[in-house]
Amino acid sequence: MSTTLIKNADWAIVWDASGKRHVYRKGIDIVFENDAITHVGPGFKGTADATVDGLGLMVMPGLVDIHSHLGHEPAYRGIREEHGVANMYMSSLYERSQAFDVSDPELRRACLEVALCEVLKSGVTTVCDISPVYDGWTDIVGKSGIRGFMAPGFASARWKLTNDHSLDFDWDEARGRKGLEAALALVDGLAKHPSEMLSGVISPMQIENCSDDLLRDSLDAATERNIPFTLHIAQGVLEHLEMVKRHGTTPIRHAYDIGILGPTTVIGHAILPDTHSWIRWHTKDDIRLLAESGSSVAHCPTPFARYGILMESFGDYVRAGINMGIGTDTTPHNMLEEIRKAGTFARITSRDINNVSTGMLFHAATAAGAKALMREDLGKLTPGAKADIVLVDLHQPDMMPARDPLRSLVFHAADRAVKDVYIAGRKIVADGEVTTLDHKGAGE
Ligand SMILES: [Zn+2]
């Protein structure tokens, strides 16, 4: 048994179980034993094997990143920032996936190592990584020390382009079935991974690329295993038009109709529901269907914002009752910057500063993300929760004056003030550097 005491932290963001929300506390002790938090409160009287002086620190729960593609996004640096296809409603998604081959396993491993360092340095302790299976994937995620939700992707169809204005599909139902089987084999083996930090997510890739049967069977497989189910829905205008052509409904309505929405379903990205100004479909049901079904949404503002597309609007989704989490869909995988963008863009689209608060955004990036991943013991500083803890340097110049340190962190300092990151009680980031991977060497 090893006990660590963070003594007399200047500030802490702790979980108020009765209010189901995070609250600030000052001058408290946080104790963790092995991988779990055992004490949060003032005046700890016990002994500890290691003591960290909490002076000048804010202690907060680690961030939960519920949507990423760590194994290829860094490969698009210098391309993706300004690549869109005007005839495809600005999205580069379809053309990019045809034009750039990022399947080389060595490239994927390098991307993964870079991206893991990015998320860790921005205070992420749990990440959901959606990717085709490749050699070294689980080993590198395991080596990093992060809490990894491995989501091996598969689909019945692939996007096919013969011009710059229409989206076609190359269907192969057998490929989708084989992909599901391979995904289940990987997921079922994770419990035995020596890192003891990996678990699985069932992840058919996109609603328009999967047959209804494959989607239903995938959700059943996730339900059987009591693990989350995730897929991309409502992420492109062309996807909306395709689903209208096939079914006469929006993608979200189709997901509801075939029974794949629900409390264990995480939708990336639901940014273009029927009410969105780029869609303006005659129904006004999508947000309600997501909320009533208990589904979660993984909001990743950056890639869409680069095309000129914003969610309308984050706070409205939350108030409608949707469990809203945040992810880092693209590089830089900076979770704190994603939180900032989610907030700023929501205020722009709603033209209302009160559409979101810093507290609402932080809840999304912690407790709501944990709920989406079916893990109530993550994203909270409270006894019994996992010891996934971030120490923020209150004396970093961008943090001062720390009159409201979370605002300082989200709107000013971001990863620059992230000092140490503990995951399952183990220090993975020390003084801003990842101890388990080689960030500088990974991209070479
Ligand atoms: Zn994605």
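Residues numbered from 1 in each chain as written. Predicted model: local features only at pLDDT ≥ 70, side-chain atom pairs only at ≥ 80, totals over all residues. Heavy atoms only, no water.

### Regarding the packing of aromatic side chains
Across all of its chains, the model carries five aromatic pairs by this definition. Here Y76 and F100 contribute two aromatic rings whose centre-to-centre distance is 6.2 Å and whose plane-to-plane angle is 80°, an arrangement assigned as edge-to-face. Of this pair, Y76 sits in the loop between β6 (63-68) and α1 (93-99) while F100 sits in the loop between α1 and α2 (105-121), placing them 24 residues apart in sequence. Its relative accessible area of 5% is what places Y76 among the buried residues. Classification of F100 by relative accessible area gives partly exposed; the value is 33%. Note that R96 overlies the ring of Y76, its terminal NZ or CZ placed 4.7 Å from the centroid. For K380, the ring lying beneath its charged end belongs to W15, and the centroid distance is 5.1 Å. (Phe/Tyr/Trp six-rings, centres within 6.5 Å; stacked < 30°, edge-to-face > 60°. Helix = DSSP H or I, 4+ residues; strand = E, 2+ residues; numbered from the N terminus. Buried < 20%, exposed > 50% of the residue type's maximum accessible area, 1.4 Å probe, protein only. Lys NZ or Arg CZ within 6 Å of the ring centre and 35° of its normal.)

### Things to note about the coordination of the zinc ion
The protein atoms donating to the zinc ion are H67 (NE2), H69 (NE2), H232 (NE2) and D329 (OD), with metal-donor distances spanning 2.0 to 2.5 Å. Coordination at the zinc ion is irregular, judged from the four donor atoms that bind it and the angles of 84 to 162° they form at the metal. Under the relative-accessibility criterion, H232 is labelled buried at 5%. You can call D329 buried: its relative accessible area is 6%. (Donors = N, O, S within 2.8 Å, 3.2 Å for Na, K, Ca; no water. Tetrahedral: all angles 85-135°; square planar, octahedral: opposite > 155°, others 65-115°.)

### Quick notes on helix α6 (residues 237-247)
Among the residues of α6, V237, L238, E239, H240, E242 and M243 are the ones counted as buried. Of the surrounding secondary structure, the elements contacted by the buried residues of α6 are α1, β10 (168-171), β13 (229-233) and α7 (251-257). The positive-phi residue at the C-terminal boundary of α6 is G248, with phi of around 75°. (Contact = heavy atoms within 4.5 Å.)

### Some points on the nonpolar core
In this structure, M60, L63, I146, I202, F314 and L409 are the most contacted members of the largest nonpolar core, which totals 120 residues. With near-sequence residues (within four places) excluded, M60 lies in contact with I13, F362, L381, D388, I389, V390, V392 and L409. If you look at the next biggest cluster of nonpolar residues, it comprises 18 residues, including I6, A12, F32 and L391. (Core = buried A, V, L, I, M, F, W, Y, C linked by side-chain atoms within 4.5 Å.)

### Describing the pattern of salt bridges
Within this structure, the stated rule accounts for 24 salt bridges. Of the charged contacts, one joins R177 and E173 as a salt bridge, the two residues approaching to 4.0 Å between their closest N and O atoms. Of this pair, R177 and E173 both sit in helix α4 (residues 173-189), four residues apart, which is roughly one turn of the helix. By relative accessible area, E173 is classed as partly exposed at 33%. The closest approach of N and O atoms between R225 and D188, which form a salt bridge, is 2.7 Å. (Salt bridge = Lys/Arg side-chain N within 4 Å of Asp/Glu carboxyl O.)

### Things to note about the environment of G236
Examined against the element boundaries, G236 turns out to sit in the loop between β13 and α6. Of the residues examined, G236 reaches a relative accessible area of 4% and is grouped as buried. Separated by 148 residues in the primary sequence, G236 and M88 place their C-alpha atoms 8.6 Å from one another. Excluding its chain neighbours within four sequence positions, the residues that come into contact with G236 are Y94 and L272.

### Re the pairing of strand β3 (residues 36-41)
Judged from the five bridges that link them, strand β2 (residues 21-33) and β3 form a sheet pairing that is antiparallel. Within the sheet, the bridge partner assigned to F32 lies in β3 and is I37. Counted between consecutive antiparallel strands, the loop separating β2 from β3 contains two residues, among which N34 sits at a positive phi close to 50°. (Pairing = 2+ DSSP bridges.)

### Regarding unusual backbone geometry
For the peptide bond that leads from G268 to H269, omega is 15°, which places it in the cis range. Tracing the backbone through its elements, the reader meets H269 in strand β14 (residues 265-269). Of note, the bond from E312 into S313 is cis; its omega dihedral lies within 30 degrees of zero at -15°. Among the secondary structure elements, S313 is positioned in the loop between α9 (301-307) and α10 (314-320).

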